[in-house]
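In case you want the letters, here they are:
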Amino acid sequence: RGSGQKATLPYASELLKKISGGSGMIYRIINYIANPLGVLNEYLKAPVYGDWGESTFRIFRNVMEILGMDVNFREVIDIGIYHTPIQSNVGTYIGELIKDFKMPGALFVCCVLGVLFSYSYTRYKKDASILHGILVTAYFYIVCLSFFAWYVRLIIFWHVVVLGGALGFLLDRFRLKKIKWT
């Protein structure tokens with residue numbers, strides 16, 4: 001497209017066209033941010049629940065299945081397709097938590113995440129702990145980026161927490177021993 005041409009915005013309201021200035025890029029950014037909230041809103045009108053912890057503990061079920069254990073495993077990634085009016089299947093991590101644990105469990109998980117984040121952040125600031133710096137980063141990743149999807153179900157998150165946590169623990173121990181010897 002030439003720089004002077006306006007994008008065709010088929011689903012945009014007049015307000016959205018005015019906000020985006022007719023720019024397709026700004027329109028898509030607004031949709032990318034707004035669609036998860038629209039999907040969550042539609043999902044909450046008629047929630048569909050999966051098996052307990054289906055998305056959250058996906059990685060553990062994968063490993064158990066690979067090891068030959070008899071687990072009820074099905075590959076379910078999203079909460080369904082919703083029209084907001086654009087088709088979308090991302091209902092924020094809150095939608096996936098509700099799907100996995102129903103409303104009380106989702107509230108509990110959110111509270112636990114808050115406590116873990118606060119504890120790790122306090123320890124990181126107080127002790128300059130590498131372990132808690134890694135954990136703060138992981139919890140921040142969960143809360144901020146999981147707005148678009150529940151990233152706890154991905155193996156990379158568990159690599160960071162387990163391997164990064166172990167490395168951070170060892171580095172903290174080495175640092176503390178080194179400080180005591182000088």
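Parameters and conventions
- Residues numbered from 1 in each chain as written.
- Predicted model: local features only at pLDDT ≥ 70, side-chain atom pairs only at ≥ 80, totals over all residues.
- Heavy atoms only, no water.
- Core = buried A, V, L, I, M, F, W, Y, C linked by side-chain atoms within 4.5 Å.
- Buried < 20%, exposed > 50% of the residue type's maximum accessible area, 1.4 Å probe, protein only.
- Helix = DSSP H or I, 4+ residues; strand = E, 2+ residues; numbered from the N terminus.
- Contact = heavy atoms within 4.5 Å.
- Phe/Tyr/Trp six-rings, centres within 6.5 Å; stacked < 30°, edge-to-face > 60°.
- Lys NZ or Arg CZ within 6 Å of the ring centre and 35° of its normal.

Student: Help me get a handle on the nonpolar core, residues and values and all.
Tutor: Of all hydrophobic cores here, the largest spans 18 residues; its most connected members are Leu97, Leu113, Ile142 and Trp150. Where this core is concerned, the elements lending two or more residues are helix 2 (24–45), helix 4 (92–127) and helix 5 (130–145). No other element matches helix 4, which puts seven residues into this core. For Trp150, the contacting residues outside a window of four places in its chain are Ser55, Thr56, Tyr93, Glu96, Leu97, Leu113 and Ile142.

Student: Any details on the packing of aromatic side chains? Residues and values, ideally.
Tutor: For the structure on display, the rule yields nine aromatic pairs. On the basis of an interplanar angle of 75° and a centroid distance of 6.1 Å, the ring pair of Phe57 and Phe101 is categorised as edge-to-face. With a gap of 44 residues between them, Phe57 in the loop between helix 2 and helix 3 (58–66) and Phe101 in helix 4 connect regions that are remote in the sequence. With relative accessibility at 11%, the residue Phe101 sits in the buried group. Each ring, one from Tyr141 and one from Tyr151, has its centre 5.5 Å from the other, and the planes form 35°; the classification is tilted. With Tyr141 in helix 5 and Tyr151 in the loop between helix 5 and helix 6 (155–181), this residue pair connects regions lying ten residues apart in the sequence. Taken together, the aromatic side chains of Trp52, Phe57, Phe60, Phe101, Tyr141, Tyr151, Phe157 and Trp158 make up a single cluster linked through ring pairs. Between Lys102 and the ring centre of Tyr49, over which it is positioned, the NZ or CZ distance is 5.2 Å.

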